[in-house]
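Residue-level structure breakdown
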Amino acid sequence: MRVLLPLGLDLAYDYRPPPEIALQPGDVVEVPLGTKRRVGVVWDGESGAPPADPDKLRTVHEKLPLPPLPATTRRFIDWVARYTMAPLGSVLRMGIATPALFQPSRPAIAYALTGAEPERMTGARQRVMDLLRDGPPRSLSDIAEAAAVSDGVIRGLAEQGVLEAIESDPDAGFLEPPPDPETPGPVLSQAQADAAAQLKAHIDGGYATLVLEGVTGSGKTEVYFEAIAEALRSDPEAQVLVLLPEIALTQAVLDRFEARFGARPMSWHSDLTGRARRAAWLGAASGAARVVVGARSALFLPFRSLALVVVDEEHDPAYKQEEQVIYHARDMAVVRASLMKCPIVLVSATPSLETMVNCWTGKYHRVHLPVRHGGATLPEITAIDMRREDTQRGRWISPRLEADLRANVEAGEQSLLFLNRRGYAPAAICKACGTRVMRDNCSAPLVVHRFGNRLQCHHCDFSMPMPKVCAKCGAEGMIVAYGPGVERLAEEVEAMFPEARVAIMASDTVRTAREAQAFIDRIEKHQLDIVIGTQLVTKGHHFPMLTLVGIVDADLGLSGGDLRAGERTYQQLWQVAGRAGRAERPGRVLVQTYMPEHPVMQALISGDGPGFYRNEAAEREAAGWPPYGRLAALILSGPNEADVVAHARALASRAPRGADFTVLGPAPAPYVRLRGRFRHRFLVRARRNIDIQGLIRAWLGQVPEKSSVRVAVDIDPYSFL
Ligand SMILES: [Zn+2]
Ligand SMILES: [Zn+2]
């Protein structure tokens, strides 16, 4: 019998089943490995391991009291491992990546009223009793917080017999009542109703990929909610998975879901406690979690019977996981749906080119929502040619943008300034010798943060105070912040508009779903006049009073020059533009650029998205880039650069050659050093019909592995750093 362990190994090991327990594939078991006990899963899929000598087999210790990993989840794990070339055990780890899963929670204690009165009533005691009189039993910490009393007050009441302690099922607290598809939903527009009908027609019809495309503000969420309602109605056991790219979006979607279905879905993301993760895992396995809304790793939950998968903001780069198992969650979600034989809906205002091409060829079905909901019009987009603007040195807001901001602030409306750069400045340089400060494990400039006080690496956790002396030339007092980040922009805005209420929304000021929601509430309640944000503000929210969007540096995303730079910039800027004027008030967007003639800027100004996609596609096709060709990267890394280079040379000498593919490299990665490791890269380009994984597997098999050099394979790479 084979047991797959959630370790970085490709093999399932042979074990002897315990005599008294019948084990089935998918069962979660504990087995001996060396001197340790390890959790693994009885595996029936492919495994490269030769059968072990029966006499040397060790015996499975025990079966854990957990539901088995369903066959559909096991085959999905096999599929992801084969496609991404990640070790099978590493992929399994994502499927059971919850240490709390194996530690049944202790029963929780909750307190309820007995009906007895306390010997003496105090204000604190009264608050506790009022709280519990009106609601269900609550835990000690919960009561202490809600009634603003000390733990001693609650314990005292329990000793007097006023409160009784009740044991409750610790996992039960996480399970919400099931969502009710019959809760009356909002009234849909004709366009929304038509789109919803098209999605609903696919429920229960087997696998299909549908693309729900509609401009920001067209009401896509309400449309896919109707498909969810239909899936829930279709079968009392049906489950639905909704993937979101960003934790900051979660709260808003959960709230809207609750308003539509009368209950919250199960959520799944990195912020959850161990117990909440355990509850979500068990809920997915038992079917009790009818709807799960989560980040990309929710794909690996052991769903019992998925009836629908939704990938919201499908074009979002955050769906690509760049560490450990390198995979694209949107693409793997399509595989998940096809293995579960259920439909999947990819949702976006600006679909990825990959998805667009699949629509053109008829592989995916496109469902289009043409208009903004409620009659709101699309914003007017105008370029500001920065070559002609007389912008003051050390400032990033042109006179033209400043004038519009001023008019907007004076009119009492809200404005958004978009700059996709965290911190105060992207680099610190020495004015004497021109060197960028780079003093850590990574070959990337340190970013200036906290209004010029600190330098921080965005690739590892290194940080230091802003140095007074240049390490290179020894000059004193010459190190200055170079270029703009959102903090510096905030400084500029505050100096321009001392009366305005200004705040920054970036991943280091808004870290959790709760903080994001609190920030969004401040915008909605009009407690802010000017919001300065990174890509975090580009997504999904409704701000009725926001009527002006200023894109501070529209060219920023184009400078990297990788194959998706144009596409990504277009998507991002179009999403930001969509924040303006979503309700009755029309919006305006000002785009500061040094290249207004660039196709991305032209597409934005003219609103000709379809034309932009056609041109992008034609260029990619002519060059054989994805999605018209296949691409994979090999990233070699290690603590010793000579070893990495030697291994790269050894691989280069065995590089496969053929008419239908090319191996480029090795070359030092743009970030040649990252978190203390030296990095060199290969890129493999192939025609679409080439089995690129097979090619790479055969190639790597010819060169002995080197323990000091890690070779990571990135199939369909999105990052070229
Ligand atoms: Zn210097
Ligand atoms: Zn670093």
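As shown above, the structure is provided for reference.
Residues numbered from 1 in each chain as written. Chains lettered and ligands numbered in written order. Predicted model: local features only at pLDDT ≥ 70, side-chain atom pairs only at ≥ 80, totals over all residues. Heavy atoms only, no water.

With that out of the way, let us pick up the pairing of strand 15 (residues 343-348). Most of strand 15 is tucked away, with six of its six residues classed as buried. Side chains P343, V345 and V347 project from strand 15 onto one buried face, and the interleaved I344, L346 and S348 project onto a second face that is buried too. Relative to strand 15, strand 8 (residues 208-214) runs parallel, the two being bridged by six bridges. Bridging from a neighbouring strand, T209 pairs with I344 of strand 15. One ladder, built from three bridges, connects strand 12 (residues 306-311) with strand 15; its direction is parallel. Bridge pairing in strand 15 places V309 opposite I344. (Buried < 20%, exposed > 50% of the residue type's maximum accessible area, 1.4 Å probe, protein only. Helix = DSSP H or I, 4+ residues; strand = E, 2+ residues; numbered from the N terminus. Pairing = 2+ DSSP bridges.)

With respect to the helices, strands and loops of the structure, E159 is situated in helix 5 (residues 151-159). Overall, E159 belongs to the exposed group, its relative accessible area being 71%. Note: C-alpha distance between E159 and R673 (514 residues apart in sequence) is 62 Å.

Space left empty within the atom packing is revealed by a probe, the size of a water molecule, rolled over the atoms. Evaluation of the coordinates by the stated rule reveals two cavities of 30 Å³ or more. Of the pockets and cavities examined, the largest cavity occupies roughly 90 Å³. Of the residues belonging to the lining of the largest cavity, the class tally is two nonpolar, four polar and four charged. (1 Å grid on protein atoms, 1.4 Å probe; cavity = no way out; pocket = protein on both sides within 12 Å on 5 of 7 lines; lining within 4 Å. Points joined across faces, edges and corners; volume = space filled by probe spheres on them. Nonpolar A, V, L, I, M, F, W, Y, C, P; charged D, E, K, R; others polar.)

In this section: the coordination of the zinc ion (ligand 1). Protein-derived ligands of the zinc ion (ligand 1) are C430 (SG), C433 (SG), C470 (SG) and C473 (SG), with the metal-ligand distances lying across 2.2 to 2.4 Å. Coordination at the zinc ion (ligand 1) comes from four donor atoms whose angles at the metal span 109 to 110°, giving a geometry best classed as tetrahedral. On the primary sequence, the residues serving as donors to the zinc ion (ligand 1) are separated as C-x2-C-x36-C-x2-C. On the criterion of sequence distance, the pair formed by C430 in strand 19 (residues 427-430) and C470 in the loop between strand 22 (463-465) and strand 23 (479-482) is long-range, its members being 40 residues apart. Judged by relative accessible area, C430 falls into the buried class, the value being 1%. Using a relative accessible area of 6% as the deciding quantity, one classes C470 as buried. (Donors = N, O, S within 2.8 Å, 3.2 Å for Na, K, Ca; no water. Tetrahedral: all angles 85-135°; square planar, octahedral: opposite > 155°, others 65-115°.)

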